[in-house]
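Structure assessment
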Amino acid sequence: MYRDYNAFSALVINTLLEMIRRTRGSLVTFNPKKIAVLAGIDAHPVILTLVRDVVERLREKGLVSVYGKSKHGIKYAVHRGSPLWTLAKEGYTVSPSNLLDLENVLIRARAKS
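Here's a quick rundown of the structure. Fair warning: this is a prediction, and the values are worked out from it, not measured in the lab.

**A closer look at the overall build of the chain**
Within the chain, the secondary structure is distributed over five helices and three strands. Each helix and strand of the chain, ordered N terminal to C terminal, gives the series α-β-α-α-β-β-α-α. The buried share of the chain, reckoned over its 113 residues, is 39%. Counting contacts in the chain only where the partners sit at least 6 residues apart, residues at least 24 apart contribute 59% of the total. Per element, the accessible surface of the chain, about 6,600 Å² overall, is 52% carbon and sulfur.

Rendered as structure tokens:
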């Protein structure tokens, strides 16, 4: 599982999408450990670094924002206006094979929101 970075990334993104689907508000906050626990991944520091790397790549694309920083780490947030929110509410899931196609889907989601 951890040897295939695309499969790992898809698991992290799908967990994040599921968190957004289940929320009732307009903001979801999380940290890498929360994603790991919900995904059923071991919460070892090395694994949490990989989770953080996936979330940081999403942040660089403007899908996730930094909500706060403390001595316990970084807390991230997804707002209702994010294209990731639109994808989650539409029931979109990511598989390792369509992870590369995520860019095209995000462009369409940005156009909708």
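**What to know about helix H3 (residues 45-60)**
The terminal C-alpha atoms of H3 lie 22 Å apart, and with 16 residues this matches the ideal 22 Å at 1.5 Å per residue to within 8%. Here H3 has its buried residues at Ile47, Leu48, Val51, Val54, Val55, Glu56 and Leu58. Structurally, H3 contributes buried residues whose contacts are with helix H1 (5-22), strand E1 (27-30), helix H2 (32-39) and strand E3 (73-79). Once H3 finishes, glycine 62 follows within two positions and takes phi at roughly 85°, a positive value.

**Section: H1**
Over its 18 residues, H1 extends 26 Å from the first C-alpha to the last, a length consistent with the 26 Å expected when each residue adds 1.5 Å. The set of residues buried in H1 consists of Ala7, Phe8, Ser9, Ala10, Val12, Ile13, Thr15, Leu16, Leu17, Met19 and Ile20.

**Some words on the sheet that holds strand E2 (residues 65-70)**
Sheet architecture is open: three strands sit in the order E1-E3-E2, paired in antiparallel fashion. At either margin of the open sheet sits one strand with a lone partner, and together these are E1 and E2. The sheet shows a mean angle of 20° between the axes of neighbouring strands, direction not considered. In the sheet, E2 pairs with E3 via five bridges, with the strands oriented antiparallel. Pairing of serine 65 across the sheet is with alanine 77, part of E3. The strands that H1 touches are E1 and E3; relative to E1, the one it contacts most, it runs at about 135°. Lying over the sheet, H3 contacts E1, E2 and E3, oriented at roughly 45° with respect to E3.

**Some details on the layout of surface pockets**
Approximately 240 Å³ is the volume attributed to the largest pocket. Taken together, 14 residues form the lining of the largest pocket, with Asn31, Pro32, His72, Gly73 and Ile74 sitting closest to its centre. The set of elements that each furnish at least two residues to the lining of the largest pocket consists of H2, H3, E2 and E3. Here the lining of the largest pocket takes four residues from H3, the largest share from any one element. When grouped by side-chain class, the residues that make up the lining of the largest pocket number four nonpolar, six polar and four charged.

Rules of the game
- Residues numbered from 1 in each chain as written.
- Predicted model: local features only at pLDDT ≥ 70, side-chain atom pairs only at ≥ 80, totals over all residues.
- Heavy atoms only, no water.
- Helix = DSSP H or I, 4+ residues; strand = E, 2+ residues; numbered from the N terminus.
- Buried < 20%, exposed > 50% of the residue type's maximum accessible area, 1.4 Å probe, protein only.
- Contact = heavy atoms within 4.5 Å.
- Areas by Shrake-Rupley, 256 points an atom, 1.4 Å probe, with all protein chains shown as cover.
- Expected span 1.5 Å × (residues − 1).
- Pairing = 2+ DSSP bridges.
- Axes fitted to C-alpha atoms, helices over the stretch in contact; angles between N-to-C directions.
- 1 Å grid on protein atoms, 1.4 Å probe; cavity = no way out; pocket = protein on both sides within 12 Å on 5 of 7 lines; lining within 4 Å.
- Points joined across faces, edges and corners; volume = space filled by probe spheres on them.
- Nonpolar A, V, L, I, M, F, W, Y, C, P; charged D, E, K, R; others polar.

Keep in mind these values describe shape, not function.
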